[in-house]
Structures are given as C-alpha cells and as structure tokens.
Amino acid sequence: MSEGARKLLLVAACALIDTDGRILLAQRPEGKSLAGLWEFPGGKVEPGETPEQTLVRELNEELGVITKVPCLAPLTFASHSYDTFHLLMPLYVCRRYEGIPLGREGQAIKWVRPQALRDYPMPPADEPLIPVLQDLL
C-alpha cells in the first residue's frame, strides 16, 4: 500500500420511499462518528454479502422493515474520501417493504419530502445523492 493510501469501505444505502413519495432519513446516534447528521439507512457490506443482502439485513435490524432483494433498485452511488478511508456507497431505491419503520437502535427517523432533503445536515458522502433522488421523485 502506498503512503497515504486509504482503506476502501463499501457501505450500502437505501432510499426507502413511502406511498406519498417521501424518503426515510435516520439520524446518526450519539457516540457514532458524524453523530447528529442525517443519512439514508444502510450499513457496511459484510464479507460474503452483496450490497442488496446488506440492505435486507440492515433495514430489518435498524428499522424493523422487511424487504427482498428484487425490491431494491440500484439508483446511483457516492465515492468520497474521508480522512482515514475511502467510502464507496451504492444507493438503492426501495418502494416495496413490509412493516412500519422504527428507530430500533435509538436513532431518530423522519419521512422527508424530496425537495426538503437539503434541510437536514448530512455526511459529505450523502449530499451528492440528493439531486439524483430529487430528479427521480
């Protein structure tokens, strides 16, 4: 590894969309890096998992929502360098799921209209995803 090379971190994110066309955001809890910022739900892709499998698992663990791989449609991705790692984050859209999302890990969650997404402070990697979602919706 060259000097200054960063570890590549693969994280999958989901724009969960309700029947009113609103997108679910989750607030990063205290004690986590970037605490207090709002983000699209998701998480680290574990060894042996596809990004789609990660989202099925994470949406259930974090929000109590059940979905299936065919219900996840890839939309765009973010590629962002942080100080200690480089983040690659595919963003999927999900409109078909079961259950009512709840912040199961103590995180605040909020349904947000696409045009209001910029009203919520987000991590730098999430911000470039907003215009793509706004165009879609």
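Residues numbered from 1 in each chain as written. Predicted model: local features only at pLDDT ≥ 70, side-chain atom pairs only at ≥ 80, totals over all residues. Heavy atoms only, no water.

(A) Representation of the overall build of the protein. Regarding its fold elements, the protein presents two helices and seven strands. Listed by position from the N terminus, the elements making up the protein come as β-β-β-β-α-β-β-β-α. Projecting the C-alpha coordinates of the protein onto the three principal axes gives extents of approximately 50 × 35 × 30 Å. Taking all 137 residues of the protein together, 41% fall into the buried category. Taking the intrachain contacts of the protein between residues at least 6 apart in sequence as the baseline, contacts between residues at least 24 apart amount to 65%. Total accessible area on the protein stands at roughly 7,600 Å², and carbon and sulfur atoms take up 52% of it. (Helix = DSSP H or I, 4+ residues; strand = E, 2+ residues; numbered from the N terminus. Buried < 20%, exposed > 50% of the residue type's maximum accessible area, 1.4 Å probe, protein only. Contact = heavy atoms within 4.5 Å. Areas by Shrake-Rupley, 256 points an atom, 1.4 Å probe, with all protein chains shown as cover.)

(B) Just the UniProt feature "domain: Nudix hydrolase" (unreviewed entry) in the protein, in detail. The UniProt record annotates "domain: Nudix hydrolase" (unreviewed entry) at residues 7-137. Along residues 7-137 one finds 16% helix and 34% strand; the C-alpha atoms at either end are 34 Å apart. (UniProt positions renumbered as here; feature names shortened; annotations may be inferred.)

(C) Main features of the sheet that holds strand 1 (residues 7-16). Pairing within the open sheet is mixed, and its four strands lie in the order 4-1-6-5. Edge positions in the open sheet fall to strand 4 (42-44) and strand 5 (72-81), since each of these has one partner strand only. Ignoring which end each strand starts from, the neighbouring axes of this sheet average 20 degrees apart. With three bridges connecting them, strand 1 and strand 4 associate as antiparallel partners. (Pairing = 2+ DSSP bridges. Axes fitted to C-alpha atoms, helices over the stretch in contact; angles between N-to-C directions.)

(D) Molecular detail of the packing of aromatic side chains. Enumeration according to the criterion identifies two aromatic pairs in this entry. Measuring from ring centre to ring centre gives 5.4 Å for Trp 38 and Tyr 120, while their planes differ by 75 degrees; the resulting arrangement is edge-to-face. Within this pair, whereas Trp 38 is found in strand 3 (residues 38-39), its partner Tyr 120 is found in the loop between strand 7 (109-112) and helix 2 (129-136), the two being separated by 82 residues in sequence. Assessed through its relative accessible area of 10%, Trp 38 is described here as buried. A residue is classified by how much of its surface remains accessible, and Tyr 120, at 18% relative accessible area, is buried. (Phe/Tyr/Trp six-rings, centres within 6.5 Å; stacked < 30°, edge-to-face > 60°.)

(E) Helix 1 (residues 51-63), seen in detail. Taking 1.5 Å per residue as the helical rise, helix 1 with its 13 residues ought to reach 18 Å, and the 17 Å between its terminal C-alpha atoms agrees with that figure. Taken residue by residue, helix 1 has Pro 51, Thr 54, Leu 55, Glu 58, Leu 59, Glu 62 and Leu 63 as its buried positions. Looking straight down helix 1, one finds that the buried residues subtend no more than 125 degrees of arc, so they occupy a single side. Phi for Gly 64, located one or two positions after helix 1, is positive at around 70 degrees. (Expected span 1.5 Å × (residues − 1). Arc of directions from axis to C-beta.)

(F) Expanded view of the layout of surface pockets. When its volume is computed, the largest pocket comes out at roughly 560 Å³. Lining the largest pocket are 27 residues; nearest its centre among them are Val 11, Arg 28, Lys 32, Glu 39 and Gly 43. Every element with two or more residues in the lining of the largest pocket is listed here: strand 1, strand 2 (23-27), strand 4, helix 1 and strand 6 (85-94). When residues in the lining of the largest pocket are grouped by element, the largest group, four residues, is from strand 1. Each residue belonging to the lining of the largest pocket can be placed in one class, and the counts come to 14 nonpolar, five polar and eight charged. (1 Å grid on protein atoms, 1.4 Å probe; cavity = no way out; pocket = protein on both sides within 12 Å on 5 of 7 lines; lining within 4 Å. Points joined across faces, edges and corners; volume = space filled by probe spheres on them. Nonpolar A, V, L, I, M, F, W, Y, C, P; charged D, E, K, R; others polar.)

(G) Structural view of the nonpolar core. Counting 23 residues, the largest nonpolar core has Leu 25, Phe 40, Met 89, Leu 117 and Leu 133 as its most contacted members. The set of elements that each furnish at least two residues to this core consists of strand 1, strand 2, strand 6 and helix 2. With sequence-adjacent residues up to four places away left out, Leu 133 is seen in contact with Ala 15, Ile 23, Phe 40, Leu 75, Leu 91, Val 93 and Leu 117. (Core = buried A, V, L, I, M, F, W, Y, C linked by side-chain atoms within 4.5 Å.)

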